[in-house]
Amino acid sequence: MPERRYHEIVQQLRARSASRSPLTGVVATVLGTAALTAALASVHERVGLLNEGLLFLLLTLLVSATWGREVGLFAAVLANLALNFFFVPPLYRFTVEAPANVVALGVFLVVSVVGSSLLSSARRAADEARRREAETQVLLGLSRALIGQTEPTAALAALCSEVVDAFAAAGASVLSAGAGGFQVLASAGRASASRAADAQERVMAERAVSLGAITRLGHTSLSGAHRVRVVLPAGQRRVKEMEDGIAFVPLRIADRTVGVLRLDGPIGVSAFREHPDQLLTAFAGEAALGVQRAELSQAASHADALKQAGEMKTALMTSISHDLKTPLAGIKTAVSSLLDTTVRWSPDDVNAFLSTIDSQADRLNRVISDILDLNRIESGVIAPVVRPVDARRLLEEADERTALVTGDRRVIIDSPPELYIEADRSLLLQALVNLIENAAKYSTPGGSIQLGARAAGTMAALTVEDEGPGIPPADLPHVFERFYRAAEQSRRVKGSGLGLAIVKGFVTLSGGTVRVESSPSATRFVIELPLAVRATVSA
Amino acid sequence: MSGARVLIVDDEPQLRRALKRSLEGHGYTVDEAEDGAAGLAAVRRFKPDLLLLDLVLPDMSGVDVCRELRRDSDTPIIVLSVLGDEATKVAALDEGADDYLTKPFGAGELLARLRAALRRGSAGGGPQPAIVSGDLEIDVERRSVSIAGRAVHLTPTEYRVLTYLAMHAGKVLTHPMILRAVWGGAYMDDRHVLRTYINQLRAKLGDDQAAPRFIETEPGVGYRFLTQDAES
């Protein structure tokens with residue numbers, strides 16, 4: 001069912017209820033009676049009393065169909081008097097000569113009263129049906145609005161906006177009643193609907209919670225006088241009473257009150273104004289469920305965060321112990337062997353033990369540097385100095401620094417001269433060194449490594465590309481995470497698992513971005529930085 | 001037991017190299033393998049008397065290597081692990097590894113463990129009439145236990161726990177292994193029952209948990225019955 005439908009019904013009922021005040025009905029009745037009397041007066045002789053009576057009856061019935069029983073009764077009496085005075089002989093007197101006419105007037109009165117009663121109750125029934133239908137539409141609209149919302153607070157916001165529509169209220173908000181007092185979970189309508197509950201509002205919300213009934217804050221509500229009025233035990237709720245004030249509807253699930261629905265006045269002219277209970281109950285029920293969902297999801301995400309932090313810590317500890325203890329194991333074995341006096345080690349043995357100690361101490365140093373680097377990045381103590389940097393010379397220096405690691409791999413540098421980028425030179429150099437070391441570690445032995453620099457618009461791209469087996473697509477989004485190693489490589493290549501996290505940290509600090517592209521035959525890391533205005537520069 | 005053949009399975013070349021040199025210096029014949037598959041192949045080819053097995057290997061877990069090897073071999077296995085590998089370590093012991101060493105370890109500690117495991121390996125199976133460790137004597141046939149000739153009265157369960165440990169002297173026995181052997185599979189998670197019995201045994205044997213002569217606690221893993229040599 002299209003969304004428009006129920007708004008139309010609401011509008012229509014609003015319009016009808018506005019045009020149907022009893023005063024309008026009385027005025028219309030008087031005017032209608034006068035007009036009919038005037039019209040019939042000129043043709044009285046030809047029409048005859050019976051037809052005149054029927055026409056007045058018709059008028060009475062129309063009035064009661066439109067304005068209800070009371071106005072209908074008034075119309076019946078007025079029509080009876082008009083008929084008597086203007087049309088029943090003797091004319092222009094409230095006396096009746098012929099006994100038959102006395103009976104006729106009596107019958108007219110009875111018929112018009114009964115008819116108007118019947119009609120007005122039929123009208124009430126029709127209005128009631130109409131209202132029910134509109135309510136159903138509202139609730140359907142509500143459930144439609146909620147059904148697509150997987151996120152609890154989004155669902156509550158949708159609910160608030162339905163409340164604002166249905167009651168033509170200035171604003172609506174859902175407040176949770178937690179340990180920390182009332183907190184706004186969602187709102188709709190005026191911007192002020194999202195305000196935090198002030199002291200008075202908290203009092204009223206608490207009363208709503210403790211009474212289990214709607215309470216309201218009177219006209220002078222928001223600031224100023226403490227004209228706080230608690231309205232009504234449960235049976236007598238009437239939204240009508242909160243014209244300009246703020247109403248608080250308790251939200252209950254089983255025996256627990258989870259929050260309140262705050263409805264800001266003025267409540268516009270609305271079809272539901274007079275009979276808000278059923279709709280409000282439905283809204284409050286949905287809102288209560290929404291609050292509960294929000295609570296649960298908050299608790300769940302909190303638990304998730306704790307669990308993740310715990311897992312992260314475990315992963316960190318495991319990784320650090322491996323990375324630190326593995327080189328230490330080599331050192332300890334070599335040293336304790338050297339210290340073992342029961343064996344006469346040959347000079348060759350001694351050399352081998354010492355070189356193990358040397359290389360493993362270097363390795364330990366690298367791991368510790370990585371951990372410290374990452375710690376520096378994360379604690380924000382690095383103050384980058386961004387200046388124009390000669391890209392080609394930077395790549396050449398990165399190549400020189402990694403000569404030991406790249407070994408027999410061919411390193412090709414492809415960069416135009418005089419390409420300057422805005423960066424922190426030392427951070428960017430360290431990032432490039434890490435990327436080249438990474439390429440050397442993961443690529444096929446003997447394959448080449450290409451370092452490139454290229455300008456594109458106002459940006460420059462530095463690339464490090466290897467001829468490795470590539471990174472599986474599933475791993476690509478995670479390669480810059482700490483301790484993440486592509487599944488297939490996790491066992492084959494040893495490293496701290498921090499290298500790429502550090503690259504990202506350094507590049508970001510240097511004002512750039514880094515991303516990775518991979519195919520089954522190559523992996524390419526791309527660092528993007530702004531181009532420098534080159535003229536006055538030396539790197 | 002110099003001259004024994006030791007196979008090192010570890011993916012760290014530097015550690016392998018240092019271990020190899022150190023062991024060769026003590027007269028062992030050493031071969032090395034860098035991953036699980038190569039290790040299993042080397043077992044067939046090299047026929048080692050003992051395996052030093054890293055738990056984290058590039059191609060498979062050390063636990064899988066243990067399981068694979070135990071199908072047709074009793075070769076003693078000492079697993080090498082770093083802190084944080086507790087679960088894997090216990091799994092490896094459950095799969096038949098004999099002992100473990102936590103990295104980093106000294107050459108002296110390694111050699112002591114090697115000797116203990118090799119001695120156990122060469123002792124062979126078969127029922128023993130009596131188990132003697134220091135002044136403790138367990139007469140298996142008569143089901144009696146004595147310390148320095150004085151009889152110690154044990155309940156049947158205490159006796160079963162003690163003999164199970166003593167028959168695997170020097171080897172780390174995990175909680176589940178002992179529980180399964182003594183109580184049966186249904187009690188495999190009941191560690192505090194085991195702890196109670198071990199405490200009773202220690203009290204009756206006059207053993208001090210802090211400086212054990214007979215039963216040593218391997219924290220988080222299980223227990224080890226000390227052989228005299230391992231003590232000295």
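Fair warning: this is a prediction, and the values are worked out from it, not measured in the lab.

1. What to know about the overall build of chain A
Argument step 1. Across its full length, chain A holds 13 helices and 13 strands.
Argument step 2. Here chain A, with 539 residues, has 43% of them falling under the buried criterion.
Argument step 3. Long-range contacts, defined here as pairs at least 24 residues apart, represent 68% of the contacts in chain A between residues at least 6 apart.

2. Focus on the packing of aromatic side chains
Argument step 1. Evaluated as defined, the whole model comprises 10 aromatic pairs over all chains.
Argument step 2. A ring pair is formed by W345 of chain A and F353 of chain A, whose centres lie 5.0 Å apart and whose planes are at 85°; its orientation type is edge-to-face.
Argument step 3. You can call F353 of chain A buried: its relative accessible area is 0%.
Argument step 4. Ring geometry for F480 of chain A and F525 of chain A: centres 6.0 Å apart, planes at 80°, overall edge-to-face. Here F525 of chain A lies in strand β13 (residues 522-530) and F480 of chain A lies in the loop between β11 (459-466) and α13 (499-509), a separation of 45 residues in the sequence. Each member of the pair, F480 of chain A together with F525 of chain A, is buried.
Argument step 5. Connected via pairs of aromatic rings, a cluster forms that spans F56, F85, F86, F87, Y92 and F94 of chain A.
Argument step 6. Sitting over the face of the ring of F46 of chain B, R5 of chain B holds its NZ or CZ atom 4.2 Å from the ring centroid.

3. Things to note about the sheet that holds strand β12 (residues 222-225) of chain B
All names here are of chain B.
Argument step 1. With antiparallel pairing, the three strands of this open sheet are ordered in space as β10-β12-β11. Each having just a single partner strand, β10 (172-174) and β11 (215-218) make up the two edges of the open sheet. Each strand axis lies, on average, 30° off the axis of its neighbour in the sheet, ignoring direction.
Argument step 2. By the bridge criterion, four bridges tie β11 to β12 in an arrangement that is antiparallel. Paired with E218 across the bridge in β12 is G222.

4. Examining the confidence of the model for chain A
Interpreting fine coordinate detail is not advised for predicted regions of low pLDDT.
Residue and element names in this part refer to chain A.
Argument step 1. Summary statistics for chain A give a mean pLDDT of 79 and a share of 84% for residues scoring 70 or more.
Argument step 2. For the stretch residues 1-6, pLDDT sits under 50, and the model shows 11 contacts to residues farther than four places along the chain or on other chains.
Argument step 3. Taken as a whole, residues 535-539 scores under 50 in pLDDT and shows seven contacts with residues more than four places along the chain or in a different chain.

Each value, and the rule that gives it
Residues numbered from 1 in each chain as written. Chains lettered and ligands numbered in written order. Predicted model: local features only at pLDDT ≥ 70, side-chain atom pairs only at ≥ 80, totals over all residues. Heavy atoms only, no water. Helix = DSSP H or I, 4+ residues; strand = E, 2+ residues; numbered from the N terminus. Buried < 20%, exposed > 50% of the residue type's maximum accessible area, 1.4 Å probe, protein only. Contact = heavy atoms within 4.5 Å. Phe/Tyr/Trp six-rings, centres within 6.5 Å; stacked < 30°, edge-to-face > 60°. Lys NZ or Arg CZ within 6 Å of the ring centre and 35° of its normal. Pairing = 2+ DSSP bridges. Axes fitted to C-alpha atoms, helices over the stretch in contact; angles between N-to-C directions. pLDDT = per-residue confidence, 0-100.

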